[in-house]
Amino acid sequence: MAKEIDRTIDESDLAQARWGVFVMSMSDGRVLYSRNGDKLFTPASNMKIYTTAAGLDLLGEDYRWRTSVYADKQPDSNGMIDGDLTLYGRGDPGLDSSGKDGLPVLALELWQHGVRHVRGNVIGDESYFRGEMYGLGWQWNDVQWYFGAQPSALTIDANAMELTIAPGSKFGNAATVKLQRENRYVHLTNNTTTGERAAPTSIGINRGLSDNEIRVWGEFPAGGRGFTAYLSVYNPALWAAALFKAELLKQGITVDGEPRSREFRAAEAERFDPQNALEIAFAEGRTLGEIVHQTNKESNNLYAELILRTLGKERGSLAPDPDPRKNRERGDDEAGVAVVKSWLDRNSIPINGLAIRDGSGLSRLDLVTPEATARLLVAITRTKSAAVFHDSLPIAGRDGTLKPRLLREAGKVFAKTGTLTYDHSLSGYATTENGDVLAFSIFCNDATGHVDPIHLIDEVTRLLVAYNARSATK
């Protein structure tokens, strides 16, 4: 097997790229193959298995996030709340504006609680998490897209919105550009034109880095096929407050004030303490096990980042900073990273030199080794969450990001994919032809050529499935 893997890589058009491969037997722990196994690589979305494994083991698959609505006091006899209404998030990745556990349920709870009129503002509060707005090492041109959405403690509708673009009714008219949900907190400027049928599509989209100003420009050919782009929302806590106010009005609750937002950097006099407020409604989202399933199957960056911050908030005491002052001020993203590293160390996984900067792998500053990744895959099988973690991984030829890949090996490979420009990865479990299970990690970095590294990664994975341990030991 080792000779076949070496030949496959060395005789390919991608031999100049940096390759790291580490393969272990799950039955006896033998290292079957290592190529730069202890060297550092950019993992891309393979970072998610670090976050989700530690999250499941330390928080438990049944962990749920709670989103609350607070007021200063009960509504009076006329149903009036004489003050602000606070929508307080604790990092629920799945809160939405229309689902059965989302904003409509919270608005209905308020109505059933007797609320008919709010004299103050609706405040979207994301102060539960401390930390930076984005992951350290994220690229600026990623953050306008859904996969670079802000990991806010008050996340709503995945902090993203749909923008649909199609040709106009006739040549020379502006193309049709529509947001899924129009409101005054998002401003759309349409500078497009409808071109001739044979014209190429040359549409550009930009959302400001620190606002919700969306500009669309360029030419869309008449008769061309429309498409949808998914943009991230700046200040999702304000977006959530605006959506919640609209839901309250639909429920028949009048609101005198405006949507507002609040974060952990608020002045001391403006900070909110849930312990000194009255919770009058709440919603609990899906379990962590369900969220991890979607995180790994679909490679959801936002979900992974919220799991990391939840780890920092809920389990940060497991990995305190030695400096008490730094410990008090560190962000929950930093604390989450410390918790993940501590979990790796406790499971005898080598962490020397590992650089973890986010939970999703979108950061260009993440550096891990194939060996640490494969040993993590072995370690998580010894926990109570082993089955949930295993089942969250994409299945070759069947679902998730592996559905179109390894079709001949369908059902024999459960693995997390990873892709950034020039960097690709695949780590998980492969069942061999004689029923043995291998834990493996394959990284390809600095692949700047025209050949797709994914095909070569899949070729290496096929060699693992074809491996016959009994034959090899005779």
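Residues numbered from 1 in each chain as written. Predicted model: local features only at pLDDT ≥ 70, side-chain atom pairs only at ≥ 80, totals over all residues. Heavy atoms only, no water.

A closer look at the overall build of the protein chain
Helix and strand counts for the protein chain stand at 12 helices and 19 strands. Computed over the C-alpha atoms, the radius of gyration of the protein chain is 25 Å, within 12% of the 23 Å expected from 2.2 N^0.38 for a compact globule of 474 residues. Along the three orthogonal principal directions, the C-alpha set of the protein chain runs to about 85 × 65 × 35 Å. The 474 residues of the protein chain split such that 54% are buried. A separation threshold of at least 6 residues defines the contact pool for the protein chain, and within that pool the share at least 24 residues apart is 71%. When the accessible surface of the protein chain is totalled, it reaches about 20,800 Å², and 46% of it is carbon and sulfur. If the 54 positive side-chain charges of the protein chain are averaged to one point and the 62 negative ones to another, these points end up 2 Å apart. (Helix = DSSP H or I, 4+ residues; strand = E, 2+ residues; numbered from the N terminus. Rg over C-alpha atoms; globule rule 2.2 N^0.38 Å. Buried < 20%, exposed > 50% of the residue type's maximum accessible area, 1.4 Å probe, protein only. Contact = heavy atoms within 4.5 Å. Areas by Shrake-Rupley, 256 points an atom, 1.4 Å probe, with all protein chains shown as cover. Lys, Arg positive; Asp, Glu negative; His and termini not counted. Charge placed at Lys NZ, Arg CZ, Asp CG, Glu CD.)

Thoughts on the sheet that holds strand 2 (residues 31-35)
Across the sheet, which stays open at both edges, the five strands sit in the order 2-1-19-18-17 with antiparallel pairing between neighbours. A strand with exactly one partner marks an edge of an open sheet, and here the two such strands are strand 2 and strand 17 (413-420). Sheet twist, expressed as the mean angle between neighbouring strand axes with direction ignored, is 5°. When strand 1 (residues 18-25) meets strand 19 (residues 437-445), the two strands line up antiparallel, connected through eight bridges. Bridge assignment links Trp-19 to a residue of strand 19, and that residue is Cys-444. Each of strand 1, strand 2, strand 18 (423-431) and strand 19 is contacted by helix 9 (residues 370-379), which is oriented at about 150° to strand 19, the strand it contacts most. (Pairing = 2+ DSSP bridges. Axes fitted to C-alpha atoms, helices over the stretch in contact; angles between N-to-C directions.)

Concerning the pattern of salt bridges
On inspection of all chains with the given rule, the structure shows 22 salt bridges. Linking Arg-18 and Asp-446 is a salt bridge whose minimum nitrogen-to-oxygen distance equals 3.4 Å. In this pair, Arg-18 sits in strand 1 while Asp-446 sits in the loop between strand 19 and helix 11 (453-466), placing the two residues 428 residues apart along the sequence. For Asp-446, a relative accessible area of 42% gives the class partly exposed. Counted as one network, the salt bridges with shared partners bring together Glu-4, Arg-7 and Glu-11. (Salt bridge = Lys/Arg side-chain N within 4 Å of Asp/Glu carboxyl O.)

So, the packing of aromatic side chains
Each aromatic ring pair is characterised by the separation of its centres together with the angle its planes make. With the rule as written, the count across this model stands at 11 aromatic pairs. When the centroid spacing of 6.3 Å and the interplanar angle of 85° are considered together, the rings of Tyr-88 and Tyr-128 count as edge-to-face. On the criterion of sequence distance, the pair formed by Tyr-88 in strand 5 (residues 85-88) and Tyr-128 in the loop between strand 7 (122-125) and strand 8 (160-166) is long-range, its members being 40 residues apart. Here Tyr-88 and Tyr-128 have matching classes, each one buried. Judged by centre distance (5.5 Å) and plane angle (85°), the rings of Tyr-146 and Phe-147 are edge-to-face. Connected via pairs of aromatic rings, a cluster forms that spans Tyr-70, Tyr-88, Tyr-128, Phe-129 and Phe-272. (Phe/Tyr/Trp six-rings, centres within 6.5 Å; stacked < 30°, edge-to-face > 60°.)

A closer look at the packing of helix 6 (residues 301-315) against helix 8 (residues 332-346)
Look at helix 6 against helix 8: their axes get within 7 Å of each other, and the N-to-C directions meet at 85°. Relative to helix 8, the element helix 6 lies roughly perpendicular. On the side of helix 6, the interface is formed by Leu-308, Arg-309, Leu-311, Gly-312, Lys-313 and Arg-315, while helix 8 contributes Asp-332, Asp-333, Ala-335, Gly-336, Val-337, Val-339 and Val-340. Tallied by class, residues from the contact of helix 6 with helix 8 come to six nonpolar, two polar and five charged. (Parallel < 35°, antiparallel > 145°, perpendicular 65-115°, else oblique. Nonpolar A, V, L, I, M, F, W, Y, C, P; charged D, E, K, R; others polar.)

With respect to the sheet that holds strand 14 (residues 254-255)
Taken in spatial order, the three strands line up as 4-6-14 in an open sheet, and their pairing is parallel. Edge positions in the sheet fall to strand 4 (80-81) and strand 14, since each of these pairs with one other strand and no more. As defined by bridge partners, strand 4 adjoins strand 6 (residues 117-118) across two bridges and the pair is classed as parallel. Residue pairing in the sheet places Ile-81 in a bridge with Val-118 of strand 6.

Considering the side chain of Thr-369
Mapped onto the fold, Thr-369 is located in the loop between helix 8 and helix 9. Polar contacts involving the side chain of Thr-369 include one to the main-chain amide nitrogen of Ala-372, which spans 2.9 Å. In this structure Thr-369 touches Gly-37, Asp-38, Lys-39, Leu-40, Tyr-50, Leu-354 and Phe-443, once residues within four positions along its chain are discounted. (Polar contact = N/O pair within 3.5 Å; in protein donor to acceptor, adjacent residues only side chain to side chain.)

Quick word on the side chain of Ser-127
Within the secondary structure, Ser-127 sits in the loop between strand 7 and strand 8. When neighbours within four sequence positions are excluded, Ser-127 is seen to be in contact with Tyr-88, Arg-262, Glu-263 and Phe-264.

Some points on the environment of Asn-434
Within the secondary structure, Asn-434 is located in the loop between strand 18 and strand 19. Taking relative accessible area as the criterion, Asn-434 reaches 17% and is therefore assigned buried. Note: C-alpha distance between Asn-434 and Asn-468 (34 residues apart in sequence) is 6.0 Å. At 2.5 Å, the side chain of Asn-434 forms a polar contact with the side chain of Thr-432.

Remarks on helix 11
A turn of α-helix holds 3.6 residues, and therefore any two residues three or four places apart point the same way. Taking 1.5 Å of rise per residue, 14 residues should cover 20 Å, and helix 11 covers 20 Å from first to last C-alpha, within 8% of that figure. Within helix 11, 10 of the 14 residues are buried, leaving the element largely enclosed by the surrounding structure. Listed as buried for helix 11 are Pro-453, Ile-454, Leu-456, Ile-457, Asp-458, Val-460, Thr-461, Arg-462, Leu-464 and Val-465. Against helix 1 (2-10), strand 1, strand 17, strand 18 and strand 19 lie the buried residues of helix 11. For helix 11, the capping residue at the N-terminal end is Asp-452, with a side-chain oxygen 3.0 Å from the backbone nitrogen of Ile-454. (Expected span 1.5 Å × (residues − 1).)

Quick notes on the pairing of strand 12 (residues 213-221)
By the bridge criterion, nine bridges tie strand 10 (residues 187-195) to strand 12 in an arrangement that is parallel. Each residue of the ladder has a partner; that of His-187, found in strand 12, is Glu-213.

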